[in-house]
Amino acid sequence: MSSATARAHANIALVKYWAKRDAELNLPAAGSLSVTLSGLSSVTNVTFGASDKDQLWVDGRAATGRAIERALAIVDRIRDRAGLVGEPVRIESRNDFPTSAGLASSASGMAALAVAAAGAAELQLSPTELSNLARLGSGSACRSIFGGYVEWQPGTRPDGSDSHAHQLHPSEHWDLRVVVAVVQDRPKAVDSSAGMAHTAETSPYLPTYVELVPPDLSEAKQAVQNRDLERLARVAERSSLRMHAATIAADPPLLYLTAESWQVIDAARQMRRRGVPVFFTADAGPNVKLFCEPEALGQVQGTVEALGCAKRTILARPGPGAELIDA
Ligand code: PMV
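Residues numbered from 1 in each chain as written. Predicted model: local features only at pLDDT ≥ 70, side-chain atom pairs only at ≥ 80, totals over all residues. Heavy atoms only, no water.

Q: Looking at this structure, how should I read the overall build of the chain?
A: Each helix and strand counted, the chain has nine helices and 14 strands in total. Along the first, second and third principal axes, the C-alpha atoms of the chain reach 60 × 40 × 35 Å. The buried share of the chain, taken over its 327 residues, is 56%. Summarising the internal contacts of the chain: among those between residues at least 6 apart in sequence, 75% fall at separations of at least 24. In the form shown here, the chain has an accessible surface area of approximately 13,300 Å², with 49% of it arising from carbon and sulfur atoms. The chain carries 33 positive and 36 negative side-chain charges, and their two centres are separated by 4 Å. (Helix = DSSP H or I, 4+ residues; strand = E, 2+ residues; numbered from the N terminus. Buried < 20%, exposed > 50% of the residue type's maximum accessible area, 1.4 Å probe, protein only. Contact = heavy atoms within 4.5 Å. Areas by Shrake-Rupley, 256 points an atom, 1.4 Å probe, with all protein chains shown as cover. Lys, Arg positive; Asp, Glu negative; His and termini not counted. Charge placed at Lys NZ, Arg CZ, Asp CG, Glu CD.)

Q: Looking at this structure, I do not really get the packing of aromatic side chains. What am I missing?
A: Two aromatic rings, taken as a pair, are described by how far apart their centres are and by the angle between their planes. A complete count under the given rule lists four aromatic pairs for this structure. An angle of 90 degrees between the planes, with centres 6.0 Å apart, marks the rings of W18 and Y256 as edge-to-face. Here Y256 lies in the loop between helix 7 (229-248) and helix 8 (259-273) and W18 lies in the loop between strand 1 (2-15) and strand 2 (20-22), a separation of 238 residues in the sequence. The pair formed by W18 and Y256 is uniform in burial state, with each residue classed as buried. (Phe/Tyr/Trp six-rings, centres within 6.5 Å; stacked < 30°, edge-to-face > 60°.)

Q: Would you take a moment to explain the domain arrangement of the chain for this structure?
A: One frequent convention defines the size of an interface as the accessible area lost when the parts assemble. Taken as a whole, the chain is organised into domain 1 (2-174) and domain 2 (177-318). The straight-line distance from the C-alpha centre of domain 1 to that of domain 2 is 23 Å. On the side of domain 2, 50 residues touch domain 1, which itself brings 33 residues to the contact. In this assembly, domain 1 packs against domain 2 so that about 3,500 Å² is buried in total across both faces, 72% of it on carbon and sulfur atoms. At the surface where domain 1 touches domain 2, the tally comes to two salt bridges. Taking the shortest distance from any N to any O, the salt bridge between K221 and E151 comes out at 3.0 Å. Across the domain 1-domain 2 interface, the total number found is eleven residue pairs in polar contact (both at pLDDT 80 or more). For the side of domain 1 that touches domain 2, the secondary structure elements donating two or more residues are strand 1, strand 4 (32-48), strand 8 (149-152) and strand 9 (165-169). Broken down by element, the residue count for the side of domain 1 that touches domain 2 peaks at seven residues, all from strand 4. (Domains from an automatic or database assignment. Buried area = accessible area lost by both parts, 1.4 Å probe. Salt bridge = Lys/Arg side-chain N within 4 Å of Asp/Glu carboxyl O. Polar contact = N/O pair within 3.5 Å; in protein donor to acceptor, adjacent residues only side chain to side chain.)

If you want it as structure tokens, here you go:
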């Protein structure tokens, strides 16, 4: 029996990944940029040879179907490489934040799984190789291997070997703070993969979204490099809203944002108009994330809480990449 445990953190994209060029390998149609966050983490244990069949437990519940398929996409590669084919795996993952509510639990979970599975199989893999593996479980997971400010280059090879993330800047580069407005904490109805597929099949706006990613990406990289919040705010907000515009234009439409999400978005825009250094972003779920400079944190959190539409707020900041830990 061999076992290892890893921790990885959620990441929030500022330029969003919302289209695949290969659904099986999770190869993106364009690049993306994210911040890996402390404060939102998954701890995943992988044990080979402890059970008679493959098992996945998430927050104490047995997972089935798509979730286990995605996890095994990672584990099967590890088993192949380590000569462990036929060795059953038991995976136990716990999140310290709501699962499947647009808070990137799949990213942190799959990144932790890649690191723990490699550890349990005693394979020494580079961060780039781990990023490639994590991508097989969930595209955005490839970014959670790295800490701080991270870019995922789409790559061009059909086998995906050049589609992995890399760190642009460590977390200390820019001490942005994040207030997550949790307006809903139950799992979303349509997960990212299904939402992306439906948008690709039916939204006339998706090709335009994809076309606009490269200029958004280069502008966002410059803004992050220069710690220019005003400029990053404009890119990040438009990237998020364009992604939602594409999902809203799908047929039937896919609406991830609720009335409560829009209240938070509106509050962020009003604060920035008054000179508060803050901006919003929202993913495939109703919870809105507000990024701000540290000195504005109290005001941003207070304003969101005073709206009364958030069940609670979670505070986060740029954090570390995935790592093995003692169980
Ligand atoms: O990695 P997935 O399949 O969960 O997709 C993530 C998609 C978004 O969170 C909406 C955007 C992103 O770049 O993280």
